[in-house]
Amino acid sequence: MIEPSQADFWMVLRARLMGEPGVCVQVERHSGSVPRERGAWMMVFSSDVVGTVGGGHLEFSAIARARSMLSGAVETLASHRYPLGPSLGQCCGGVVWLQFELIDLSSSKSIATSSIDSQTKIELIIKNLLDGVVTLAPVALFGGGHVGKAIIGVLGGLPMRVSWIDSRDEIFPAQLPALVTCEHSAPIEAAAFDLALVPSGARVLVMSFSHAEDLEIIASCLLRQRERADLAFIGLIGSKTKWASFRSRLRARGFSDTELAGITCPIGVAGIEGKEPEVIAVAVAAQLLTAKRS
């Protein structure tokens, strides 16, 4: 099975759909305790599966049904109800409704119309799948240094859509996770007001290559909060000493203690020790997931 957390996941999926038909199996709705949320999906091919709807007998049964569709043994089925009880050997106790859709780019049964080219069909399929995942949280990461790269490596496998921003255009790597987009911004703090890069509800992480840039980004985020109050989290990398210095400078610019209380510094969940970029990345990702639920 190919896991969605792999960096080349979407490239793999595109290539497979260009070469052979598949059946998209998606969680349409659910009730009670279930293994995956609405919008979770897998693409079933004749000899492989991309993604997951929760594993176990539920997934085994869904894969068998999808492959029967691929072989033509059964007709396309819009939706099927799966009670997660003794009949499936699962004790979750809930009910899952799975939607099945045959995707064959050489056939009129494809979800896309035959009047557009295959590559456009693929992009529409990918967009539909992404739109179905309702838990994608927006994240804006300011800074492309070692810690920033490590954080991207972790966030790339999580249900988050990331804008990666830096004043240095050349620092971004060529290969990126599918839900990460890079943006060069000079001055970098201007991006804090760009709703396309930092949408409402975004979690903001600040870790540029210089303290001067960090200060300006934080000031811009505070101004945005003053005007719109729409950022879910603002985190600044650094020590308590760094934040004490920043707090003094920001007070001098007219920001109140109430406004400054909206900044989290240091960042990362407590109890995770170590200053290696990878360790920081895990701690920060865990903090963002907590912020996502709040």
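None of the values given here were measured: they were computed from a predicted structure.

Considerations on the overall build of the chain
- In terms of regular secondary structure, the chain is built from eight helices and 11 strands.
- Taken across its 294 residues, the chain has 46% of its residues classed as buried.
- In the chain, the share of contacts with a sequence separation of at least 24, taken over all contacts with a separation of at least 6, comes to 57%.

Examining the environment of M207
- Within the element layout of this structure, M207 appears in the loop between β9 (203–206) and α5 (211–227).
- With relative accessibility at 6%, the residue M207 sits in the buried group.
- In this structure M207 touches L141, F142, G143, V147, G148, I151, D214, I237 and I267, once residues within four positions along its chain are discounted.

Things to note about the sheet that holds strand β8 (residues 180–184)
- One open sheet accounts for six strands, arranged β8-β7-β6-β9-β10-β11; its pairing is parallel. Each edge of the sheet is formed by a strand with only one pairing partner; in this case those strands are β8 and β11 (263–264).
- Summarising the sheet, strand β7 (residues 160–166) and β8 pair through five bridges and their orientation is parallel. In the sheet register, W164 faces β8, and the bridge partner there is C182.
- Strands β6 (137–142), β7, β8 and β9 of the sheet are contacted by helix α4 (residues 146–155), whose axis makes an angle of about 165° with β7.
- Sitting on the sheet, α5 touches β6, β9, β10 (233–236) and β11, and the angle it makes with β10 is about 165°.

Concerning the environment of A66
- For A66, the position within the fold is in helix α2 (residues 56–71).
- Put simply, A66 and M43 are 23 residues apart on the chain and 9.1 Å apart in space, counted from C-alpha to C-alpha.
- Excluding residues that lie within four positions of it along the chain, A66 makes contacts with V23, V25, V44 and F100.

A short note on the nonpolar core
- In this structure, F142, V198 and L250 are the most contacted members of the largest nonpolar core, which totals 27 residues.
- Elements that contribute at least two residues to this core include exactly β6, β9, α5, β10 and α6 (240–252).
- It is α5 that provides the largest number of residues to this core, a total of six residues.
- Counting 25 residues, the second largest nonpolar core, distinct from the first, contains A137, I171, F172 and I267.

Section: the side chain of D166
- When you line up the elements, D166 lands in strand β7.
- With a relative accessible area of 1%, D166 lands in the buried category.
- Contacts of D166, omitting those with residues within four sequence positions, involve G143, G144, I171, F172, E183, H184, S185 and I188.

Some thoughts on the layout of surface pockets
- Estimates place the volume of the second largest pocket at around 300 Å³.
- Residue lining of the second largest pocket: 13 residues in total, with P266, I267, G274, K275 and I280 positioned closest to the centre.
- The class makeup of the residues in the lining of the second largest pocket is eight nonpolar, four polar and one charged.

Overview of the confidence of the model for the chain
- In this model, the chain carries an average pLDDT of 84, and 81% of its residues clear a pLDDT of 70 or more.
- Note on residues 1–7: pLDDT under 50 across the span, and 16 contacts to partners over four residues away in sequence or across chains.
- Scored below 50 in pLDDT, residues 111–115 makes nine contacts in the model with residues more than four places away or belonging to other chains.

Description of the packing of α5 against α6
- Interaxial distance between α5 and α6 falls to 11 Å at its minimum, and their mutual angle equals 55°. When the axis of α5 is compared with that of α6, the two are oblique. Between α5 and α6 lies a crossing whose hand is right-handed. Facing H211, D214, L215, I218, A219 and L222 of α5, the residues of α6 in contact are K242, F246, R249 and L250.

Things to note about the packing of aromatic side chains
- Per the stated rule, a full pass over the model turns up one aromatic pair.
- Here the aromatic rings of W164 and F172 are separated by 5.3 Å at their centres, their planes lie at 70°, and the arrangement is edge-to-face.
- For W164, a relative accessible area of 1% corresponds to the buried category.
- In this structure, R16 is placed above the aromatic ring of F45, and the distance from its NZ or CZ to the ring centre is 4.4 Å.
- If you follow R29 out to its NZ or CZ, it ends over the ring of W97, 3.9 Å from the centre.

What about the pairing of β9?
- On β9, burial covers both faces: R203 and L205 on one face and V204 and V206 on the other are all buried.
- Both β6 and β9 contribute to a ladder of four bridges, which runs parallel. Looking across to β9, one finds that F142 is bridged to V206.
- As paired strands, β9 and β10 are joined by four bridges and run parallel to one another.

Examining the side chain of S220
- Within the fold, S220 resides in helix α5.
- If near-sequence neighbours (up to four positions away) are discounted, S220 is found in contact with E189, A192 and F193.

Conventions we followed
Residues numbered from 1 in each chain as written. Predicted model: local features only at pLDDT ≥ 70, side-chain atom pairs only at ≥ 80, totals over all residues. Heavy atoms only, no water. Helix = DSSP H or I, 4+ residues; strand = E, 2+ residues; numbered from the N terminus. Buried < 20%, exposed > 50% of the residue type's maximum accessible area, 1.4 Å probe, protein only. Contact = heavy atoms within 4.5 Å. Pairing = 2+ DSSP bridges. Axes fitted to C-alpha atoms, helices over the stretch in contact; angles between N-to-C directions. Core = buried A, V, L, I, M, F, W, Y, C linked by side-chain atoms within 4.5 Å. 1 Å grid on protein atoms, 1.4 Å probe; cavity = no way out; pocket = protein on both sides within 12 Å on 5 of 7 lines; lining within 4 Å. Points joined across faces, edges and corners; volume = space filled by probe spheres on them. Nonpolar A, V, L, I, M, F, W, Y, C, P; charged D, E, K, R; others polar. pLDDT = per-residue confidence, 0-100. Parallel < 35°, antiparallel > 145°, perpendicular 65-115°, else oblique. Left-handed = near helix turned anticlockwise from the far one by under 90°. Phe/Tyr/Trp six-rings, centres within 6.5 Å; stacked < 30°, edge-to-face > 60°. Lys NZ or Arg CZ within 6 Å of the ring centre and 35° of its normal.

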